[in-house]
Amino acid sequence: MTTLTPRRLTVCVPCFGRPQRTERIIECLRNQTVNDFEVFLIGDHCPDFQQRLDSGYFAEIIQEQSLKGNSWHAWNLFQNYGGFGYQIRNMMKHLANGKYICFVDNDDWVKEYHVQHYLSEIENTDYDFVYYNTWNHGAGILRDTQASMGLIGHSELCVRTEFYKVMNPQGDFYGHDWALIAEMCAASSKHKKSDNPDWTYKVMGTPAQREKHID
């Protein structure tokens, strides 16, 4: 049996639709300022994603990242689960090989030092999770993230993987991100908001807001 090399961080990217934006977030993650992380790009039975798999689009990227000391994985699920990618995030309980885990939506955008920024507050600490500010592109405002429903989501989290793995599976319902975060808050006193007010993650906004933007 092959033993995987442990990584500093796992990045989970559920993918459905918006192929040009998927390519954009891939480019963001390819150009990170640090290495030794893994990326799971998983299509939720997405036809566009399957076309790119069949074309060999991912093969060069996976090889390129391997030479940098990163491990990238890409595949498409045999059925569509919907529910904002909940099933793909649940899969990380079995697949993640990073000491920490964070989540990126395929239609969002991150700065080139996103991985470095998220690791900087949690690595070599005893925190179970740290959360960060994000920029809401649709609304044109900085989200001052708080551990409260409607003020935090998957994109603001960096979680110790072993802690994440013992949380209950996420479900197919709106607000499952807050259900996870509320459970994590109840289970641990070792969490905080980042001391750095900077943001490295751009949330493209609500579906209605996103329709107004091509970028």
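Asker: For this particular structure, what's the right way to read the overall build of the protein chain?
Answerer: The secondary structure content of the protein chain amounts to eight helices and eleven strands. Computed over C-alpha atoms, the radius of gyration of the protein chain comes to 16 Å, within 12% of the 17 Å expected from 2.2 N^0.38 for 215 residues, which places it in the range of a compact globule. Based on the C-alpha atoms only, the size of the protein chain along its principal axes is roughly 45 × 45 × 30 Å. In the protein chain, which comprises 215 residues, the proportion classed as buried is 50%. Sequence-distant contacts in the protein chain: of pairs separated by 6 or more residues, those separated by 24 or more amount to 80%.

Asker: Help me out: how do you make sense of helix α3 (residues 57-67) in this one?
Answerer: Given 3.6 residues per helical turn, the α-helix brings residues three or four places apart onto the same face. Taken together, the buried positions of α3 are Phe58, Ile61 and Gln65. Each buried residue of α3 lies within a common arc of 65 degrees when the element is viewed along its axis, so the set occupies one face. Structural note: α3 exposes Ala59, Glu60 and Leu67 on the side pointing more than 90 degrees away from its buried face. Check the buried side of α3 and you find it contacts α1 (19-30), β2 (37-43), α2 (47-55) and β3 (71-76). The first or second residue beyond α3 is glycine 69, which carries a positive phi of 95 degrees.

Asker: Would you explain α1 in this entry?
Answerer: Compared with an ideal rise of 1.5 Å per residue, which puts twelve residues at 16 Å, α1 spans 16 Å between its outermost C-alpha atoms and is within 8% of the ideal. Arg21, Thr22, Arg24, Ile25, Ile26, Cys28, Leu29 and Arg30 are the residues of α1 that are buried.

Definitions and cut-offs
Residues numbered from 1 in each chain as written. Predicted model: local features only at pLDDT ≥ 70, side-chain atom pairs only at ≥ 80, totals over all residues. Heavy atoms only, no water. Helix = DSSP H or I, 4+ residues; strand = E, 2+ residues; numbered from the N terminus. Rg over C-alpha atoms; globule rule 2.2 N^0.38 Å. Buried < 20%, exposed > 50% of the residue type's maximum accessible area, 1.4 Å probe, protein only. Contact = heavy atoms within 4.5 Å. Arc of directions from axis to C-beta. Expected span 1.5 Å × (residues − 1).

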